[in-house]
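Results of the structural survey
Given next are the chains, with one letter for each unit.
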Amino acid sequence: MAWTWRFEKSDGTETEPALQPEEFTTQGDAESWIGEFWKELLEGGAAQVTLFEDSTKIYGPMSLQADGA
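What this report covers is the structure whose coordinates are included nearby. All figures in this text were calculated on a predicted structure; none of them were measured in a lab.

1. Points about the overall build of the chain
Along its length, the chain carries one helix and three strands. The secondary structure elements of the chain, listed N-terminal to C-terminal, are β-α-β-β. On C-alpha atoms alone, the chain measures out to a radius of gyration of 11 Å, which is about the 11 Å that the 2.2 N^0.38 rule sets for 69 residues. Each principal axis of the C-alpha atoms in the chain carries an extent, and together these give about 35 × 20 × 20 Å. The buried share among the 69 residues of the chain stands at 32%. The contacts of the chain with a sequence gap of at least 6 include a subset with a gap of at least 24, amounting to 50%.

This is the structure we're talking about:
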């Protein structure tokens, strides 16, 4: 099973991320990666992300904006 992120602009259209992740083997690895690189992704044009396990949507879209921003 592969865990992947879909990177989106604020209007929900898919965009290429500033950093290209690999496919993750666990949900925790995917979430740790997004937690480490969310600022760079936001600065690179991604406003939100959605997490998938293979082709199944797990959750999202989740904003990359800090609360109160």
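2. Some remarks on a negative patch on the surface
Taken together, the side chains of Glu22, Glu23, Asp29 and Asp54 make up a negatively charged region of the molecular surface. Inspection of the secondary structure puts Asp29 in helix H1 (residues 27-43). Residue Asp29 is classed as partly exposed on the basis of its relative accessible area of 40%.

3. Regarding the nonpolar core
Of all hydrophobic cores here, the largest spans twelve residues; its members are Trp3, Trp5, Phe7, Phe24, Ala30, Trp33, Ile34, Leu41, Ala46, Val49, Leu51 and Leu64. Listing elements by their share of this core, those giving two or more residues are strand S1 (3-8), H1 and strand S2 (48-53). If one sorts the elements of this core by residue count, H1 sits on top with four residues. With sequence-adjacent residues up to four places away left out, Ala30 is seen in contact with Trp3, Trp5, Phe24 and Leu51.

4. Here's the deal with the pattern of salt bridges
Close approach of charged atoms allows side chains with opposite charge to pair. Summed over the entire model, instances satisfying the criterion amount to two salt bridges. Note that Arg6 and Glu8 form a salt bridge whose closest N and O atoms lie 2.6 Å from each other. Here Arg6 ties to Glu14 by a salt bridge, and the two come within 3.2 Å at their closest N and O atoms. On the basis of relative accessibility, which here comes to 55%, the residue Glu14 falls in the exposed class. Each member of the salt-bridge network shares a partner with another, and the members are Arg6, Glu8 and Glu14.

Conventions and cut-offs
- Residues numbered from 1 in each chain as written.
- Predicted model: local features only at pLDDT ≥ 70, side-chain atom pairs only at ≥ 80, totals over all residues.
- Heavy atoms only, no water.
- Helix = DSSP H or I, 4+ residues; strand = E, 2+ residues; numbered from the N terminus.
- Rg over C-alpha atoms; globule rule 2.2 N^0.38 Å.
- Buried < 20%, exposed > 50% of the residue type's maximum accessible area, 1.4 Å probe, protein only.
- Contact = heavy atoms within 4.5 Å.
- Patch = residues over 30% accessible without salt bridge, like charges linked within 9 Å, V, L, I, M, F, W, Y side chains within 5 Å.
- Areas by Shrake-Rupley, 256 points an atom, 1.4 Å probe, with all protein chains shown as cover.
- Salt bridge = Lys/Arg side-chain N within 4 Å of Asp/Glu carboxyl O.
- Lys, Arg positive; Asp, Glu negative; His and termini not counted.
- Charge placed at Lys NZ, Arg CZ, Asp CG, Glu CD.
- Core = buried A, V, L, I, M, F, W, Y, C linked by side-chain atoms within 4.5 Å.

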